[in-house]
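# Structural description and commentary
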Amino acid sequence: MDRDGVINEVLTKRVKFVNKPQQLFFLPRVPEAIKKLNDSFDFVFVVTNQGGVGLGFMKEGQLKKIHTHMTNELKKQGAIIDEVVYCPHKPKAGCDCRKPNSKLIVDLAEKYNVDLSKSYMVGDTDTDIIAGKRAGTKGVFLGSYDPLADAVFPDLISAVDWMIEDAH
Ligand SMILES: [Mg+2]
Ligand SMILES: [Zn+2]
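The notes below deal with the structure included here. What you see is a predicted model, and the numbers here were worked out from it, not measured in a lab.

Thresholds, definitions, all that
- Residues numbered from 1 in each chain as written.
- Chains lettered and ligands numbered in written order.
- Predicted model: local features only at pLDDT ≥ 70, side-chain atom pairs only at ≥ 80, totals over all residues.
- Heavy atoms only, no water.
- Axes fitted to C-alpha atoms, helices over the stretch in contact; angles between N-to-C directions.
- Helix = DSSP H or I, 4+ residues; strand = E, 2+ residues; numbered from the N terminus.
- Parallel < 35°, antiparallel > 145°, perpendicular 65-115°, else oblique.
- Left-handed = near helix turned anticlockwise from the far one by under 90°.
- Contact = heavy atoms within 4.5 Å.
- Nonpolar A, V, L, I, M, F, W, Y, C, P; charged D, E, K, R; others polar.
- Core = buried A, V, L, I, M, F, W, Y, C linked by side-chain atoms within 4.5 Å.
- Buried < 20%, exposed > 50% of the residue type's maximum accessible area, 1.4 Å probe, protein only.

Right, let's get into the packing of helix α1 (residues 30-40) against helix α6 (residues 156-167). When two helices pack together, their arrangement is given by the angle between their axes and by how far apart the axes lie. One can describe the packing of α1 onto α6 by two numbers: an axis separation of 8 Å at closest approach and a directional angle of 15°. Taken as axis vectors, α1 and α6 run roughly parallel relative to one another. For the pair α1 and α6, the crossing hand works out as left-handed. Along its contact with α1, which presents V30, E32, A33, I34, K36, L37 and S40, the element α6 presents L156, I157, V160, D161, M163 and I164. Along the lines of polarity and charge, the residues of the contact of α1 with α6 split into nine nonpolar, one polar and three charged.

Next up on the list: the nonpolar core. The biggest cluster of nonpolar side chains holds 36 residues, and the ones touching the most others in it are M1, I7, I34 and L156. Among the secondary structure elements, those contributing two or more residues to this core are α1, α3 (60-76), β2 (83-87), β3 (120-123), β4 (138-142), β5 (151-153) and α6. At six residues, α6 tops the list of elements feeding residues into this core. Setting aside residues up to four positions removed in sequence, I34 forms contacts with M1, I7, V44, L74, A79, I80, I81 and L156. Judged by nonpolar contacts, the second largest core, of 14 residues, contains C95, I105, A109 and L116.

The following block contains the structure:
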């Protein structure tokens, strides 16, 4: 799954972008949703574009602190993220890891021996869905409409039951 806008708030009143751990506010019922996914799927990964690193708004070490904080807080509530991978490059760097490119997803699949055709990419932008499709996953869009997505839901907790049902 994507991170910003799926797991945590961005562009809300209290937080613009997450550049430090204190700026990470979980969206409603996210721990519960991830816990449900843990019960039905082998792995839950986070795949996130963090152009703020390349642009100089945040050091890579700070990003790692944010992710450690995020996974620890989730773990306290019984929700397991198996790995967080990210693209730290500038949005216009032309790298092959930034979504909508699929490298981060494909590399995870190789590392964990995951069947991408039985996997789902959950995101709140079209680039998430495109990255998933390029990698060979199904796409679950959080929002109101996406032309490529296999399913659309308002938030993660509403999406999990469909994913669990669809996967079995
Ligand atoms: Mg997002
Ligand atoms: Zn990159």
